[in-house]
Amino acid sequence: WKSRLQMSAEKSEGEQSFPQRLQFTPEEAAVLRRCRYESTVYRGLPAGLLGAYAVRRLCHVGMFGSIGKKFPALLWSSALGIGFFVGVSSYQQACFAEIMKLENSQLAEQVRAYKR
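Bear in mind the structure is a predicted one, so any value in this text is a computation, not a measurement.

Participant: Teacher, can you tell me more about the overall build of the chain here?
Facilitator: Along the backbone of the chain there are six helices and zero strands. Counted from the first residue to the last, the chain has its helices and strands arranged as α-α-α-α-α-α. The burial tally for the chain puts 20% of its 116 residues in the buried class. For the chain, contacts bridging at least 24 residues in sequence account for 59% of all contacts bridging at least 6. As displayed, the chain offers around 9500 Å² of accessible surface, 61% of which is attributable to carbon and sulfur atoms.

In structure tokens, the structure reads:
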């Protein structure tokens, strides 16, 4: 196994060790901004709040036993976080569809290559 120093020493001077930062067109940036907003507002927050409310009600009726009585806020916040993450991730395909509608887009080409 080669160490990182040995590997970086073997690279040519013209080659960079870090990938180039992506440059988005204004249309791509607008689609990504809209996807981030919509995934948060329309999927992440409702799923997180619904999960937290469901766990709250289950704690209230004693479904979680002593843990639900001692640490209900921990359970609520966990359900909120997991629900938020699941909700935001569920919007991925919708964002891919929006990106693929863009014409002459490098990002759309990368998404098409990823989906193959």
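Participant: Looking at this model, I keep getting lost on the nonpolar core. Mind explaining?
Facilitator: General note: in soluble globular proteins, nonpolar side chains tend to be found buried as a group. Among the nonpolar cores identified, the biggest contains 10 residues, and these are Val-31, Cys-35, Tyr-91, Cys-95, Phe-96, Ile-99, Leu-102, Leu-107, Ala-108 and Val-111. Looking at this core, the elements with two or more residues in it are α2 (26-60), α5 (92-100) and α6 (106-115). In contact with Val-31, not counting residues within four places along its chain, are Glu-98, Ile-99 and Leu-102.

Participant: How should I be thinking about a nonpolar patch on the surface in this particular structure?
Facilitator: Together, Leu-45, Leu-49, Leu-80 and Phe-84 make up an exposed nonpolar region whose accessible area comes to about 340 Å². When residues of the nonpolar patch are traced back to their parent elements, those giving at least two are α2 and α4 (72-89). With respect to the element layout, Leu-80 can be found in helix α4. Assessed through its relative accessible area of 36%, Leu-80 is described here as partly exposed.

Participant: Just to check I follow, could you spell out the side chain of Ser-105 for this structure?
Facilitator: Within the secondary structure, Ser-105 is located in the loop between α5 and α6. Look at Ser-105 and you get buried, because its relative accessible area is 7%. Side-chain polar atoms of Ser-105 contact the backbone nitrogen of Leu-107, separated by 3.3 Å. Of the polar contacts made by the side chain of Ser-105, one reaches the backbone nitrogen of Ala-108; its length is 3.1 Å.

Participant: Quick question: what am I supposed to make of the packing of aromatic side chains here?
Facilitator: Two aromatic rings are characterised by how far apart their centres lie and by the angle between their planes. Summed over the entire model, instances satisfying the criterion amount to two aromatic pairs. Ring centres of Tyr-37 and Tyr-42 lie 6.4 Å apart, and the angle between their planes is 85°; this geometry places the pair in the edge-to-face category. Ring geometry for Phe-96 against Tyr-114: centres 5.7 Å apart, planes inclined by 65°, an arrangement best described as edge-to-face. Taken as a pair, Phe-96 in helix α5 and Tyr-114 in helix α6 lie far apart in primary sequence, 18 residues in all.

Cut-offs used in this document
Residues numbered from 1 in each chain as written. Predicted model: local features only at pLDDT ≥ 70, side-chain atom pairs only at ≥ 80, totals over all residues. Heavy atoms only, no water. Helix = DSSP H or I, 4+ residues; strand = E, 2+ residues; numbered from the N terminus. Buried < 20%, exposed > 50% of the residue type's maximum accessible area, 1.4 Å probe, protein only. Contact = heavy atoms within 4.5 Å. Areas by Shrake-Rupley, 256 points an atom, 1.4 Å probe, with all protein chains shown as cover. Core = buried A, V, L, I, M, F, W, Y, C linked by side-chain atoms within 4.5 Å. Patch = residues over 30% accessible without salt bridge, like charges linked within 9 Å, V, L, I, M, F, W, Y side chains within 5 Å. Salt bridge = Lys/Arg side-chain N within 4 Å of Asp/Glu carboxyl O. Polar contact = N/O pair within 3.5 Å; in protein donor to acceptor, adjacent residues only side chain to side chain. Phe/Tyr/Trp six-rings, centres within 6.5 Å; stacked < 30°, edge-to-face > 60°.

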